[in-house]
Amino acid sequence: MSQSNASHEPAPKPPRVTSESEDACGANRVQDRIGRRYDDALGEAIRRESGAAMLRVMRPGEAHTLDYRADRLNVHLDEGGTITDIGCG
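What follows deals with the pairing of strand S3 (residues 83-88). With five bridges connecting them, strand S2 (residues 72-77) and S3 associate as antiparallel partners. When the sheet's bridge partners are listed, leucine 77 is paired in S3 with isoleucine 83. Between S2 and S3, which follow one another and run antiparallel, lie five residues, and glycine 81 among them has a positive phi close to 85°.

Here we come to the confidence of the model for the protein. Averaged over all residues, the pLDDT of the protein equals 86, while 78% of them reach at least 70. The low-confidence segment residues 15-20, where pLDDT is below 50, has two contacts with residues more than four positions distant or belonging to other chains.

Looking at helix H1 (residues 40-50), one finds that the buried residues are Leu42, Gly43, Ala45, Ile46 and Ser50. With its buried residues spanning 165° around the axis, H1 presents them on a single face. Exposed and oriented more than 90 degrees from the buried face of H1 are Asp40, Ala41 and Arg48. Taken together, the buried residues of H1 touch strand S1 (54-58), S2 and S3.

Judged by nonpolar contacts, the single largest core of 14 residues is most densely connected at Ile46, Leu73, Val75, Ile83 and Ile86. For this core, the secondary structure elements donating two or more residues are H1, S2 and S3. For isoleucine 46, the contacting residues outside a window of four places in its chain are Val30, Arg33, Leu55, Leu73, Val75 and Ile83.

This part covers the pairing of S2. By the criterion of burial, S2 is predominantly enclosed, with five of the six residues buried. Strand direction decides the pairing type here: S1 and S2, joined by five bridges, are parallel. Its bridge partner being in S2, methionine 54 is matched across the sheet by arginine 72.

With respect to topology, three strands assemble into an open sheet ordered S1-S2-S3, the strand pairing being mixed. With one partner strand each, in any of the chains shown, S1 and S3 form the two edges of the open sheet. Geometrically, the sheet is characterised by an average inter-axis angle of 20° between neighbouring strands, direction not taken into account. On the sheet, H1 packs against S1, S2 and S3 and is oriented at approximately 135° with respect to S1.

Definitions and limits used
Residues numbered from 1 in each chain as written. Predicted model: local features only at pLDDT ≥ 70, side-chain atom pairs only at ≥ 80, totals over all residues. Heavy atoms only, no water. Pairing = 2+ DSSP bridges. Helix = DSSP H or I, 4+ residues; strand = E, 2+ residues; numbered from the N terminus. pLDDT = per-residue confidence, 0-100. Contact = heavy atoms within 4.5 Å. Buried < 20%, exposed > 50% of the residue type's maximum accessible area, 1.4 Å probe, protein only. Arc of directions from axis to C-beta. Core = buried A, V, L, I, M, F, W, Y, C linked by side-chain atoms within 4.5 Å. Axes fitted to C-alpha atoms, helices over the stretch in contact; angles between N-to-C directions.

Spelled out as structure tokens, the structure:
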């Protein structure tokens, strides 16, 4: 049985490379709203602060188009109306 001096540590994760187009809707600027209860005033503030061209609120059970728009901000809500995710699309 031979022993190797090679380290068996896991490889480091590759760096995350982001481009301006990945956050064209400004979602990174409004991530602090996740966990808050959604209302129209909050939605308008999120849209304004993100700089997104448009805002789409996505509630459970509702149908939505599958087209991708980089400048559209999607706000996902849970059954209770709490924001669970914010992203472009």
